[in-house]
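Remarks on the overall topology
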Amino acid sequence: MMEPVSAPEARPKKPQSAGQVRLSAWRVLRLLRPYAWQLMIAGCLLIITNALGLAFPLVIRTLLNTVLVQRNARELNQLIGVLAIIFVAQALIGTGQGYLVTSVGERLSFGLRSDLFRHLQGMPLSFFDQRRTGELMSRVTNDVSLLQTSLTGNVLPLASEIVVLAGSVIITLTINWRFTLLAMVVAPAAGLAASLLGRRIRSTTRGVQEGLGDAGIVLEEALAAPRVVKAFSREDYEVGRFDQRMRQSLVHALRRASAQAVLGPLSGLIAFSGVTLVIWFGGQEVVAGRLTAGDLIAFIFYMVLVVGPLISLSNIYSQIQAALAASERIFELLDLPTEAALDHSPLAKLPDASGQLTFEHVSFTYPVAPASTGAQAILRPRVLRDVSFEVLPGQVVALVGPSGAGKTTILSLLLRLYEIDGGAIKLDGIDIRGVQVKSLREQMALVPQEPVLFGDSIAENVRYGRLDATDDELYRAVAAANALVFIEDLPLGMETVVGERGVKLSAGQRQRIAIARALLHNPRILLLDEATASLDNESEALVQDALTRLMQGRTTLVVAHRLTTVERADQILVLDQGHIVERGTHGELMELDGLYRRLYTRSFEDPGTITPSLV
Ligand SMILES: Nc1ncnc2c1ncn2[C@@H]1O[C@H](COP(=O)(O)OP(=O)(O)O)[C@@H](O)[C@H]1O
Ligand SMILES: [Mg+2]
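Here we come to helix α2 (residues 36–70). If you check α2, its first and last C-alpha atoms are 49 Å apart, about what 35 residues at 1.5 Å a residue would give, namely 51 Å. Taking the largest bend as the criterion, α2 deviates by roughly 35°, centred on L63. By the burial criterion, the buried members of α2 are L39, A42, G43, L46, T49, N50, L54, P57, V59, I60, T66 and V67. If you follow the buried residues of α2, they end up packed against α3 (73–121), α6 (155–175) and α11 (293–334).

Take a look at the structure:
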């Protein structure tokens, strides 16, 4: 028996080329486009507050040159008035602008999460076979959060700091261009530091997020299966697994922290060495009488104004690098093709089928995760080889065979959950690849081997089969599925919420709800993956009875474990290792004296079912 191959852990720590970086930066900006208006208003408010802030050194200059030197008290009062107005205006504008920016961030992450979820819903089943739930959840939650905080916290500040910086530089240039240029000789050093540390911040952020994703896998698995964890007393083991992966994240986070911690102060140091140059040179000018003390001090104030934004710019830059790392992980998901994208051209809807099914020389191999090596792909066995059969409308066809023979796979292929490698599957003579996937699936219902119930009321779980069903239809479906018997005993009846996985219900009860769901869906074609050993005798009889009602007037393809089902089938297909080895009715196959007879005779010791371990 082959274990399903799990996707090899993806470690895409590929270095990003400059082109890719620019691309994802551009895409991040495009995410903000719906909020252009809010951002523009917020930007204007920012410019105003900053312009007001720029007036401050001018006030100081007046204070020094006019008030203090000329001892003018009236001018002082005016100055204080101006200062008060500036500060109040700044506070008010800051409030409005803060709300605008934060609300954009919240909406952005809402929209992005919604898009991601929609996209994930559209992914083909093979994608979910290859990816781990916890890791995907981490991208939808952690990466979007990181993008939100590091983006909205920084896009406007970035604009504002640039405005302040440009303003300060222009003013310093007009006051004394030689000093300004002198201070700027240190600029290349600052640029180099930012570039090196920025790259490091980005790659470590990717590591942090990957670690979080890995930890999310453990989180999801351990929390979803507490029964197994506790039965084997593996609580400490799970804690260890979780910590180990969180530690990966921590190691990267600490490296990032050191890079971020260095970047701001280092930029400050570099910038202040520029200022120091100016003080040294300017001081000499004042001593030589070529410059007034007030001018030098005002100039130094502006220089300090320049240094502030430089330091915050470098911090913003580091945040933006983190945002880009998160956005790459988000775009990676969004760029994967969905099922709808697999339909090359807008396809026709499948007309209401009469229910004639054909498999023509179908062969199939489960797809491998794209990240894995070719060697592994070569080793993968064909799951189905040259499978051909026909089911006429209203017929019941039973699939029988040892475990791993490919029975469930055939049902999945009919639903077009996977793409076949060769041959064709036709419904009423129409190739199922030639019609809209949705219209195909609408005409089928699947009752899986282990039905999944959602953490909602029984009524809602049944309604999943058809969302617009009336209460009356719902009731009739539940009754026909023999589910009313136990539902009436529940305290809230149909409104009883079944646990996250319906754990409060027995296997037989869950199956009857799944049958009611399928009945409500009222499909032309019924796909049944029978449950075996999990049912006791009484449940078995009730389920069987419900199934008989469900199959009436429908084409049914059933993975059969119960003799009653097998014996009643119009046709039995015996599968072994992905190949149909025998076909016929029960009587014919018994006479053939092959695999079917062996399976049947063995089950004779345990009447009622074909030995579950074999089927
Ligand atoms: N999602 C999957 N990805 C890869 N291999 C799979 C997957 N599901 C089943 N297989 C493999 O395909 C083969 C047939 O599986 P299946 O159709 O489930 O068998 P059956 O229902 O007859 O027991 C098995 O070898 C199984 O390991
Ligand atoms: Mg199966």
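A few words on the sheet that holds strand β5 (residues 430–431). If you walk across this open sheet you meet the four strands as β2-β1-β4-β5, and the pairing is antiparallel. Since the sheet does not close on itself, it has two edges, and those belong to β2 (384–391) and β5, each with one partner. Pairing analysis gives five bridges linking strand β1 (residues 357–364) to strand β4 (residues 422–427), with the strands arranged antiparallel. When the sheet's bridge partners are listed, F359 is paired in β4 with I425. The sheet strands contacting helix α14 (residues 407–414) are β1, β2 and β4, and the helix crosses β1 at an angle near 115°.

Another aspect to go through is the site of ligand 1. Taken together, 12 residues are adjacent to ligand 1, and G404, G406, K407, T408 and T409 come closest. Within the backbone of G406, one N or O atom sits 2.9 Å away from an oxygen atom of ligand 1. When isolated, ligand 1 has an accessible area of 560 Å², and the protein chains bury 78% of it. Among the elements that line the shell around ligand 1, the one with the most residues is α14, at three residues. Here the residues of the shell around ligand 1 are counted per class, giving five nonpolar, five polar and two charged.

Quick look at the pattern of salt bridges now. Taken as a whole and judged by the stated rule, the model has 25 salt bridges. E332 is the salt-bridge partner of R139, the closest N and O atoms lying 3.0 Å from each other. Of this pair, R139 sits in helix α5 (residues 133–152) while E332 sits in helix α11, placing them 193 residues apart in sequence. Between D472 and R476 there is a salt bridge whose closest N-O contact spans 3.3 Å. Of this pair, D472 and R476 both sit in helix α17 (residues 471–480), four residues apart, roughly one helical turn. On the accessibility criterion, R476 (52% relative accessible area) is exposed. Several salt bridges converge on common partners, so that one network encompasses E135, R139, D143, R202, R206, E210, E328, R329 and E332.

Our next topic: the nonpolar core. Generally speaking, nonpolar side chains in soluble globular proteins are found buried as a group. One finds V462, V478, I515, L528, L550, I572 and Y596 to be the most contacted residues of the largest nonpolar core, which totals 49 residues. Ignoring sequence-local partners within four residues, the contact set of I515 consists of V447, A481, V543, A546, L547 and L550. In this structure, L415, V559, L573 and L575 belong to the second largest nonpolar core, which totals 34 residues.

This paragraph deals with the sheet that holds strand β6 (residues 444–447). Pairing within the open sheet is mixed, and its six strands lie in the order β6-β7-β8-β3-β9-β10. Two strands bound the open sheet, and with one partner strand each, they are β6 and β10 (579–584). With direction set aside, neighbouring strand axes in the sheet form an average angle of 15°. Note that strand β3 (residues 396–400) and strand β9 (residues 571–576) share four bridges and pair parallel. Note that in β9 the partner of V397 across the bridge is Q571. Strands in contact with α14 are β3, β6, β7 (525–529), β8 (555–559) and β9; relative to β8, the strand with the most contacts, it is inclined by about 145°. Most of the contacts of helix α19 (residues 507–521) go to β6, to which it runs at about 180°, and overall it touches β6 and β7.

With that settled, the discussion passes to a nonpolar patch on the surface. On the surface, a cluster of nonpolar side chains totalling about 390 Å² of accessible area is made up of L173, W177, L181 and M184. When you line up the elements, L173 lands in helix α6. The exposure class of L173 is partly exposed, given its relative accessible area of 32%.

As enumerated under the stated definition, the model contains six aromatic pairs in all. Here the aromatic rings of F127 and F128 are separated by 5.1 Å at their centres, their planes lie at 85°, and the arrangement is edge-to-face. Note on F128: relative accessible area 36%, which makes it partly exposed. Ring plane angle 50° and centroid distance 5.7 Å describe the contact between F364 and Y418, whose orientation is recorded as tilted. Here Y418 lies in the loop between α14 and β4 and F364 lies in strand β1, a separation of 54 residues in the sequence. Residue classification places F364 among the buried residues on the basis of a relative accessible area of 0%. Among the aromatic residues, ring-to-ring pairing joins F364, Y366 and Y418 into one connected group.

The next subject is the pairing of β8. If a strand is regular, its side chains alternate between the two faces of the sheet. Most of β8 is tucked away, with five of its five residues classed as buried. What you see with β8 is no split at all: T555, L557 and V559 on one side and T556 and V558 on the other are buried throughout. Pairing geometry for β3 and β8, over four bridges, is parallel. In the sheet register, V396 faces β8, and the bridge partner there is T556. Both β7 and β8 contribute to a ladder of five bridges, which runs parallel. Pairing of D529 across the sheet is with V559, part of β8.

The next thing to look at is the packing of helix α10 (residues 235–287) against α11. Two elements in contact, α10 and α11, have axes separated by 9 Å at closest approach and are oriented at 165°. Between α10 and α11, the crossing angle belongs to the class labelled roughly antiparallel. α10 and α11 meet at a crossing whose hand is right-handed. Broken down by class, the residue content of the contact of α10 with α11 amounts to 17 nonpolar, 10 polar and one charged.

Rules used throughout
Residues numbered from 1 in each chain as written. Chains lettered and ligands numbered in written order. Predicted model: local features only at pLDDT ≥ 70, side-chain atom pairs only at ≥ 80, totals over all residues. Heavy atoms only, no water. Helix = DSSP H or I, 4+ residues; strand = E, 2+ residues; numbered from the N terminus. Expected span 1.5 Å × (residues − 1). Bend = angle between axes of the 7 residues up to and from the residue. Buried < 20%, exposed > 50% of the residue type's maximum accessible area, 1.4 Å probe, protein only. Contact = heavy atoms within 4.5 Å. Pairing = 2+ DSSP bridges. Axes fitted to C-alpha atoms, helices over the stretch in contact; angles between N-to-C directions. Near = heavy atom within 4 Å. Polar contact = N/O pair within 3.5 Å; in protein donor to acceptor, adjacent residues only side chain to side chain. Areas by Shrake-Rupley, 256 points an atom, 1.4 Å probe, with all protein chains shown as cover. Nonpolar A, V, L, I, M, F, W, Y, C, P; charged D, E, K, R; others polar. Salt bridge = Lys/Arg side-chain N within 4 Å of Asp/Glu carboxyl O. Core = buried A, V, L, I, M, F, W, Y, C linked by side-chain atoms within 4.5 Å. Patch = residues over 30% accessible without salt bridge, like charges linked within 9 Å, V, L, I, M, F, W, Y side chains within 5 Å. Phe/Tyr/Trp six-rings, centres within 6.5 Å; stacked < 30°, edge-to-face > 60°. Parallel < 35°, antiparallel > 145°, perpendicular 65-115°, else oblique. Left-handed = near helix turned anticlockwise from the far one by under 90°.

Everything listed is a geometric property; what it means functionally is a separate question.
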